[in-house]
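Structural description and commentary
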Amino acid sequence: MRGLIADYVRFTDRISDYVGYLAAALIFFMGATLMFDAFTRNVINMPVHWAVELTQFTLAAYYFMGGAFTLKNESHVRMDLIYSSLSERSKAKMDLATSVCLIFYLVVTLIGGISSLIYAIETNEKRFSIWNPSVIPIKALLVACLVLMLMQALSLVFKHIATIRGEKLS
């Protein structure tokens, strides 16, 4: 059982890394899109109406895709007032409690995300704008990234339990 859990943790961490690095690369795409928009609007006087909206979608994807990577690397915001003075095992106990709360939050959010995705598919939901893009891809990405965040949160639970037991799991 221990080997299966260690394999799960390594697998989830690896996926979170890949998705996180892909998310980081989206910054360059957003920058290029905004530079293209500025060029077409200011230099050749031919504004493109989709560039800013595409950048907004890309920024949303960036946030969604970076969630599991942030969890894995413990780069999230933490109130460090008391936490920094705790022992490793006490930190793991506190992290375990917050991970359980996080899992509850992610499950509720996932249920809402799935419901929203189903609605978008059934109604062929689109943004009300000049470009009028479908919102199905970004909602599907949200659901996929929530699943990955849940997987990463479960991986953290396993890591915290191992730390509490005095073991190392990575």
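Throughout what follows, the structure given in this document is the object of discussion.

**A short note on the overall build of the chain**
- Each helix and strand in the chain was counted, giving 5 helices and 0 strands.
- Counting from the amino terminus, the chain carries its helices and strands in the arrangement α-α-α-α-α.
- Relative to the globule expectation of 15 Å for 170 residues, the C-alpha radius of gyration of the chain, 20 Å, shows a markedly less compact shape.
- Once the C-alpha set of the chain is aligned to its principal axes, its extents read approximately 65 × 35 × 30 Å.
- Burial statistics for the chain: of 170 residues in total, 32% are counted as buried.
- Pairs at least 24 residues apart make up 72% of the contacts formed inside the chain by residues separated by at least 6 positions.

**So, the pattern of salt bridges**
- In the structure shown here, the tally under the stated rule is 7 salt bridges.
- The salt bridge partner of Asp17 is Lys72, with a shortest N-O separation of 3.2 Å. Linking Asp17 in helix α1 (residues 2-42) with Lys72 in helix α2 (residues 51-72), this pair joins segments that are 55 residues apart in sequence.

**With respect to the nonpolar core**
- One finds Ala68, Leu71, Leu106, Leu110, Leu117, Val143, Leu146, Leu148, Met149, Leu150, Ala153 and Leu156 forming the largest nonpolar core, which totals 12 residues.
- The biggest single contributor to this core is helix α5 (residues 136-164), with 7 residues.
- Ignoring anything within four residues of it in the chain, the contact list for Leu156 reads Leu71 and Ser99.
- Membership of the second largest hydrophobic core comes to 9 residues, among which are Ala61, Met65, Ala120 and Ile138.

**Digging into the packing of aromatic side chains**
- Counted by the stated rule, this structure contains 5 aromatic pairs.
- The interplanar angle of 85 degrees and the centroid separation of 5.9 Å between the aromatic rings of Tyr8 and Phe158 together place this pair among those described as edge-to-face. Residue Tyr8 is found in helix α1, and its partner Phe158 is found in helix α5; the two are separated by 150 residues along the sequence.
- For Phe158, a relative accessible area of 23% corresponds to the partly exposed category.

**Topic: unusual backbone geometry**
- Look at Glu74: it is not a glycine, yet its phi comes out positive at around 50 degrees.
- Relative to the helices and strands, Glu74 resides in the loop between α2 and α3 (80-83).
- Positive phi, normally seen in glycine, also occurs at Asn124, with a value near 50 degrees.
- In this fold, Asn124 is placed in the loop between α4 (88-123) and α5.
- Overall, the relative accessible area of 44% leaves Asn124 in the partly exposed class.

**Considering the environment of Trp50**
- Among the secondary structure elements, Trp50 is positioned in the loop between α1 and α2.
- In this structure the C-alpha to C-alpha distance between Trp50 and Trp131, which are 81 residues apart in sequence, comes to 5.6 Å.
- Setting aside its immediate chain neighbours within four residues, Trp50 contacts Thr33, Phe36 and Trp131.

Conventions we followed
Residues numbered from 1 in each chain as written. Predicted model: local features only at pLDDT ≥ 70, side-chain atom pairs only at ≥ 80, totals over all residues. Heavy atoms only, no water. Helix = DSSP H or I, 4+ residues; strand = E, 2+ residues; numbered from the N terminus. Rg over C-alpha atoms; globule rule 2.2 N^0.38 Å. Buried < 20%, exposed > 50% of the residue type's maximum accessible area, 1.4 Å probe, protein only. Contact = heavy atoms within 4.5 Å. Salt bridge = Lys/Arg side-chain N within 4 Å of Asp/Glu carboxyl O. Core = buried A, V, L, I, M, F, W, Y, C linked by side-chain atoms within 4.5 Å. Phe/Tyr/Trp six-rings, centres within 6.5 Å; stacked < 30°, edge-to-face > 60°.

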